[in-house]
Amino acid sequence: MMMVRRGLLAWISRVVVLLVLLCCAISVLYMLACTPKGDEEQLALPRANSPTGKEGYQAVLQEWEEQHRNYVSSLKRQIAQLKEELQERSEQLRNGQYQASDAA
């Protein structure tokens, strides 16, 4: 009788573990299938209310190009600002070295 109980408990524990793993796998698949797409993924396809076909893709392409132009101009402004800051720091360093050499 004791062996039957142990065998039954082992079988039930295996079934429970398999059910938990199955639920986890189903949950992951559900999340992958049902999560909303990000902005980058949605941009590749025409929107539901936009014209379809060639015109829709051209509109999406123009929007994408405009976003990249804005991004490039933002990066150029940041580069110019960093160059100015670098030049100011270099001048401060030179002035500090001149003052140190004058004091010595």
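Per chain, residues are indexed from 1 in the order of the written sequence. With pLDDT at 70 or above as the cut-off, local features in this predicted model cover only qualifying residues; side-chain atom pairs require 80 or more to be listed or tallied, and sums for whole chains, interfaces and linings still use all residues. Water and hydrogen atoms play no part in the side-chain values, which are based on all heavy atoms of the structure.

- An unreviewed UniProt entry annotates the chain as CSGALNACT1 isoform 2 originating from Pan troglodytes.

## Section: the overall build of the chain
- Assigned secondary structure in the chain consists of 3 helices and 0 strands.
- By definition, any uninterrupted DSSP run of H or I lasting at least four residues is a helix, any uninterrupted run of E lasting at least two residues is a strand, and each is numbered from the N terminus. The order of α-helices and β-strands along the chain, N terminus first, is α-α-α.
- Residue exposure (1.4 Å probe, protein chains only): buried if accessible area is under 20% of the type maximum, exposed if over 50%, otherwise partly exposed. Considering the chain as a whole, with its 104 residues, one finds that 3% of them fall into the buried category.
- In this description, accessible areas are obtained by the Shrake-Rupley approach with a 1.4 Å probe, and a residue is regarded as covered only by the protein chains that are shown. Here the chain displays about 9900 Å² of accessible surface, and carbon together with sulfur accounts for 62% of that area.

## Describing the UniProt feature "coiled-coil region" (unreviewed entry) in the chain
- UniProt positions are given in the numbering used here, feature names are shortened, and annotations may be inferred rather than shown by experiment. The sites that UniProt annotates as "coiled-coil region" (unreviewed entry) are residues 65-99.
- As annotated, residues 65-99 comprises 100% helix and 0% strand, and the C-alpha atoms at either end are separated by 51 Å.

## Notes on a negative patch on the surface
- By definition, no residue in a patch forms a salt bridge, and every one has over 30% relative accessible area; like charges are joined within 9 Å, nonpolar side chains (Val, Leu, Ile, Met, Phe, Trp, Tyr) within 5 Å. Any Lys or Arg side-chain nitrogen located within 4 Å of an Asp or Glu carboxyl oxygen qualifies as a salt bridge. Think of it this way: Lys and Arg go in the positive column, Asp and Glu in the negative one, and His and the chain ends go nowhere. A charge is said to be at NZ when it belongs to Lys, at CZ for Arg, at CG for Asp and at CD for Glu. On the surface, Glu84, Glu85, Glu88 and Glu91 cluster together into a patch of negative charge.
- A residue is classified by how much of its surface remains accessible, and Glu85, at 35% relative accessible area, is partly exposed.

## A word on a nonpolar patch on the surface
- A cluster of nonpolar side chains, namely Leu8, Trp11, Ile12, Val15, Val16, Leu19, Val20, Leu22 and Ile26, defines an oily patch on the protein surface of about 820 Å² accessible area.
- If you trace the backbone, Val16 turns up in helix α1 (residues 2-34).

## Brief notes about the pattern of salt bridges
- In this structure the tally under the stated criterion is 2 salt bridges.
- Between Glu65 and Arg69 there is a salt bridge; the shortest N-O distance is 3.6 Å. Linking Glu65 with Arg69, this pair stays in helix α3 (residues 53-103), spanning 4 residues, or about one helical turn.
- In this structure Glu65 comes out as partly exposed when scored by relative accessible area, which is 33%.
- Note that Glu66 is salt-bridged to Arg69, the shortest N-O span being 2.9 Å.

## Some details on the state of the cysteines
- Throughout, a disulfide means two cysteine sulfur atoms within 2.5 Å of one another. Across all of its chains, the model carries 0 disulfides by this definition.
- The thiol of Cys24 is unpaired, and the distance to the nearest cysteine sulfur, on Cys23, comes to 7.0 Å.

## Digging into the confidence of the model for the chain
- Here pLDDT means the predictor's own confidence in every residue, given as a number from 0 to 100. On average, residues of the chain score 84 in pLDDT, and 84% of them are at 70 or above.
- Within the chain, the lowest mean pLDDT, 53, falls on helix α2 (residues 39-43), and the highest, 91, falls on α3.

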